[in-house]
Amino acid sequence: MTYRLHNRLGSGGFVVQATLEAAGIDFDYEPIKSLPNQPVGTQIQTLNPWGQVPILELDDGTRITETAAILACLAHIEPSFRQGPTLWIDDFPSFLRWSVFLAVNVYEGVLRWNYPQRYFTRLSEESRVEFQEADNAHALMTHSVRDAARARVHDAFRCIEEETAEHAFLLSDRLSPCDIFLAMLYAWFNQKPDLPKCTWITTQVATHDIIRPIWAKNFDDRLDFKWHEL
């Protein structure tokens, strides 16, 4: 089967692209021309009404969105995910657990941290009466959402560290698609001294022989820390 991946550089679609490349799976890459942090909805509205990438198209025209769902579909279809030689899913229930955990608790938290304005509205005229300084109230809410999101994401990474302490990577002592997902999110979050496992996994992914050029193309000019150059 040949897949078609619609994606924008620097987006979460990196996970799908890197996973397909690492697993040696053929796919066509359809780039979305858009600057980072700019909406892409109008360009892909017919492919994904939610207006987000990545989008993976199957041979029969089926379109799959949401990174965790795409990974789960590929893991179900492609034997290379279960047999290596580059990516392994030794424990499928754990794979589902952590891929969804990353999507729901970490990815969404990173979005709240980076785009707090998406998670509350500006004060209505009626509400303004309750605040002497409406702009200050808006700024306060922005900081509050960002602070809470950052703390929540850090707690999620701490949970991963503790729950997977018995082996090197998330699922086992071998690399899986979940590790690629984690590495991207952790690099966006920035390394912390109390998250050594997440730091180590991110380094392993970013410097992986197959993944390194994909990482560089997606993140070299978007991340202050050059993980792929370590």
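Please refer to the structure placed before this passage.
What counts, and at which threshold
- Residues numbered from 1 in each chain as written.
- Predicted model: local features only at pLDDT ≥ 70, side-chain atom pairs only at ≥ 80, totals over all residues.
- Heavy atoms only, no water.
- Helix = DSSP H or I, 4+ residues; strand = E, 2+ residues; numbered from the N terminus.
- Expected span 1.5 Å × (residues − 1).
- Bend = angle between axes of the 7 residues up to and from the residue.
- Buried < 20%, exposed > 50% of the residue type's maximum accessible area, 1.4 Å probe, protein only.
- Pairing = 2+ DSSP bridges.
- Right-handed = clockwise from strand over helix to strand, strands pointing away.
- Axes fitted to C-alpha atoms, helices over the stretch in contact; angles between N-to-C directions.
- Parallel < 35°, antiparallel > 145°, perpendicular 65-115°, else oblique.
- Left-handed = near helix turned anticlockwise from the far one by under 90°.
- Contact = heavy atoms within 4.5 Å.
- Phe/Tyr/Trp six-rings, centres within 6.5 Å; stacked < 30°, edge-to-face > 60°.
- Lys NZ or Arg CZ within 6 Å of the ring centre and 35° of its normal.

Q: I keep staring at helix α5 (residues 92-114) and nothing clicks. Help me out?
A: Compared with the 33 Å implied by 1.5 Å per residue over 23 residues, the 31 Å span of α5 between its first and last C-alpha is a close match. Considering bend angle alone, the principal kink of α5 is centred on Leu-102 and spans about 30°. Among the residues of α5, those classed as buried are Phe-95, Trp-98, Ser-99, Phe-101, Leu-102, Val-106, Tyr-107, Gly-109, Val-110, Leu-111 and Trp-113.

Q: What is the right way to look at the pairing of strand β1 (residues 3-7) in this model?
A: Two faces belong to every sheet, and in a regular strand the side chains alternate between them. Counting buried residues in β1 gives four out of five residues, a clear majority hidden from the surface. With five bridges joining them, β1 and strand β2 (residues 27-31) adopt parallel strand pairing. Each bridged residue has a counterpart across the sheet, and for Arg-4 the counterpart in β2 is Asp-28. Read from β1 through helix α1 (residues 13-23) to β2, the crossover connection turns out right-handed. Pairing of β1 with strand β3 (residues 55-57) involves three bridges; the strand directions are antiparallel. Within β3, the position partnered with His-6 by the bridge is Ile-55.

Q: Mind showing me how you'd approach the packing of α1 against helix α3 (residues 67-77) here?
A: Helix-helix packing is described using two parameters, namely the angle between the two axes and the distance between the axes. Orientation of α1 relative to α3, taken along the N-to-C sense of each, is 20°, at an axis distance of 9 Å. As summarised for this structure, α1 and α3 are arranged roughly parallel, according to the angle between their axes. Of the two elements, α1 crosses α3, and the hand of that crossing is right-handed. Mapping the contact onto sequence places Val-15, Val-16, Thr-19 and Leu-20 in α1 and Thr-67, Ile-70, Leu-71 and Leu-74 in α3.

Q: I'm lost on the packing of aromatic side chains in this one. Help?
A: Think of a pair of aromatic rings as described by two things: how far the centres are apart, and how the planes are tilted against each other in angle. Applying the stated rule across the entire model yields 14 aromatic pairs. With a centroid separation of 5.7 Å and 65° between ring planes, the pair formed by Tyr-107 and Trp-188 is classed as edge-to-face. Here Tyr-107, found in helix α5, pairs with Trp-188, found in helix α8 (residues 177-189); they are 81 residues apart in sequence, far enough to count as distant. Since its relative accessible area comes to 16%, Tyr-107 is described here as buried. Judged by its relative accessible area of 18%, Trp-188 falls in the buried class. Through a chain of ring-to-ring contacts, the aromatic side chains of Phe-14, Tyr-107, Phe-181, Trp-188, Trp-215 and Phe-219 assemble into a single cluster. A cation over an aromatic ring shows up here: Arg-150 above the ring of Trp-113, its NZ or CZ 4.4 Å from the ring centre. Above the plane of the ring of Phe-189 lies Arg-150, whose end atom (NZ or CZ) is 4.6 Å from the centre.

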